[in-house]
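# Coordinates in review
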Amino acid sequence: NITFASIALAALVQTALAAGQCGTQTCSQSTPCCVAGYCNSNAQYCMPILCEAANSFSPSSCWNTAHCVKSNVVFGSPNAFAQIADYAGNPANAAFVSQFEPSNAKVANGELQASLVKQNNGAGFGATVIGTRAFQYGTVTAVMRSGCTSGGVVSSFIIRNEKVGDEIDFEFVGADTATVQSNYYWHNQLDYTKMVKSPPLPDTTVNYHAYQIQWTPDQIVWLVNGSPFRTVKRSDTWDAASNTFKYPDSESYISVGIWDGGSGAKGTSDWAGGAIQWNKQPFVAAVKSISIDCYYSGNETTYVPPGGNGGGSSSTISSASSTSPSSTSSGNSSTSGGGNDSSSSSNGNSSNGNSSSKTGSSSSTKATSSANTHSSISAPSSSSESDSSVEENSGIESSSNESSTGNGAGSLAASFGVLASALLAAYVAL
């Protein structure tokens, strides 16, 4: 028989399930969004790039994904860039935001400037600027110069899904200012033997070049100043052992950044050009514009989060339709955040950088299992500057699985939810 005690227990379980278990914390309505064991209500936590819906206050706490629209973002113009502390979730107000604090990114002299500065512990603290709209297939062009005027400094222009671990990139290293490196990764399976350099270029730290990625379901093409130098076809990524194409295809985010590779493990440091020579400051990567041409066409519907709790209704912001001659379907075919959630360091001052060890050779293989990461997130109570040493695996470490705490809580919650629903349904049927 279904007793009133059972019904009361079911009700209590459902009430408890209204709040997500985020590591050792329970996210509340005032701090609804979970990332790597911490709850908060700001963009750093609630943007869908990292927000863990299953571990947040409710599944709707994470802000909805804003999808691609055709645009030409000229930095210095209105609504091109905002500090993440000022971003409230409407991509119409900021095409790009700084990804963490303290922010070393700003707009000056009509360009976006991302700087690398020296911390008290001697390591560098960089910057990452990330798009507020997700992007799956299309053409992205950044007109920029790198900030790698010393060995050890790394600049980047990247398309990446942090949760899944898919990435397509351009990377610049202080060890070589006459080329840019191209690479791609699938599900955080790092293989540096696939890196290909561009032909020689006029000094990439002085001259602005147009770096372009053309990404379709069938191939990726890397170009500089309109000239392609590398093509990877999806058909060439077939892996018979796993019966899959190891080809990046998940909806991702566009970012540019600068970070300290010289303080990393020996392989990374050698690849980047050794320890940074701080007497060669400033180290500033500068971007004049980023143009985005979406592969899929269609009008965009954007979620505008209300203040505080991440719940509420959605609204529509009209925007120009994005078209592509090669497009055969309307609307974006997938949503961001597919796959598993990522784990993260709680040190907000982890250097923005490559948490993987690379060998000095350009044809090196991976030395660690952590991802080439470009972001950092801090605990809400962390200080603005850390004197601790920068570890090899600092920043966000994308994992092939969610944290054990999050997964355990999610599975347990699901089991109790089924039980609670069954008990209540049985009572109603009586």
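Once a new chain begins, its residue numbering starts again from 1 and follows that chain's sequence as written. Reporting of local features is limited, given that this is a predicted model, to residues whose pLDDT is at least 70; pairs of side-chain atoms are given and counted only at 80 or more, and all residues count toward the totals for whole chains, interfaces and linings. Derived side-chain values reflect all non-hydrogen atoms in the structure, with water molecules and hydrogen atoms excluded from consideration.

Per an unreviewed UniProt entry, the recorded name for the protein is Glycosidase CRH2, and the organism is Coemansia furcata.

### As for the overall build of the protein
Spelled out, the test is: Where helices and strands are cited, they refer to DSSP runs of H or I of at least four residues and of E of at least two residues respectively, numbered from the N terminus. Here the term buried applies to any residue with accessible area under 20% of the maximum for its type, exposed to any over 50%, and partly exposed to those in between, with areas from a 1.4 Å probe on protein chains only. A contact between two residues is defined here by any heavy atoms of the two lying within 4.5 Å.
Within the protein, the regular secondary structure consists of four helices and 25 strands. Burial status across the protein gives 53% buried among its 430 residues. Taking the intrachain contacts of the protein between residues at least 6 apart in sequence as the baseline, contacts between residues at least 24 apart amount to 68%.

### With respect to the state of the cysteines
Disulfide: a covalent bond connecting the sulfur atoms of a pair of cysteines. In plain terms, the rule: Cysteine sulfur atoms are paired as a disulfide whenever they come within 2.5 Å of each other.
Here the structure, examined in full by the defined rule, presents five disulfides. Note that C22 is cross-linked by a disulfide to C34, the S-S spacing being 2.0 Å. Of note, the bridge from C22 to C34 carries an S-S torsion of about 80 degrees and is right-handed in sense. Taken as a pair, C22 in strand 1 (residues 21–22) and C34 in strand 3 (residues 33–35) lie far apart in primary sequence, twelve residues in all. The buried category is assigned to C22, whose relative accessible area is 0%. Relative accessible area serves as the criterion here: at 0%, C34 is assigned to the buried category. A sulfur-sulfur distance of 2.0 Å marks the disulfide that ties C68 to C294.

### Section: the pairing of strand 19 (residues 227–233)
Definition in use: The rule for pairing is simple: two strands pair if DSSP sees at least two bridges between them.
Relative to strand 19, strand 18 (residues 219–224) runs antiparallel, the two sharing six bridges. Counted as the bridge partner of L223 is P228 from strand 19. Between strand 18 and strand 19, which pair antiparallel one after the other, the connecting turn spans two residues, and N225 there sits at a positive phi close to 55 degrees.

### Comments concerning the side chain of Q212
Applicable threshold: The term polar contact refers here to a pair of N or O atoms within 3.5 Å; inside protein, the definition further demands a hydrogen-donor-capable atom paired with an acceptor-capable atom, and it admits residues adjacent in sequence only when both atoms are side-chain atoms.
Topologically, Q212 is positioned in strand 17 (residues 209–215). For Q212, a relative accessible area of 17% corresponds to the buried category. There is a polar contact of 2.7 Å between the side chain of Q212 and the side chain of T141. Excluding its chain neighbours within four sequence positions, the residues that come into contact with Q212 are T139, V140, T141, F170, V221, W222 and L223.

### Some details on the environment of H209
Relative to the helices and strands, H209 resides in strand 17. Relative accessible area serves as the criterion here: at 5%, H209 is assigned to the buried category. Not counting the four nearest positions on each side in its chain, H209 is found in contact with A142, V143, M144, L201, P202, D203, T204, V224 and N225. Separated by 3.0 Å, the side chain of H209 and the backbone oxygen of P202 make a polar contact. Here the side chain of H209 touches N225 through a polar contact of 3.1 Å, side chain to side chain.

### What to know about the sheet that holds strand 16 (residues 196–197)
Pairing is mixed across the open sheet formed by eight strands, whose spatial order is 6-7-11-22-13-14-15-16. The two strands at the open ends of the sheet, each matched to only one other strand, are strand 6 (81–82) and strand 16. Bridge analysis of strand 14 (residues 166–173) against strand 15 (residues 176–185) gives six bridges, and the strand direction is antiparallel. Its bridge partner being in strand 15, D169 is matched across the sheet by N183.

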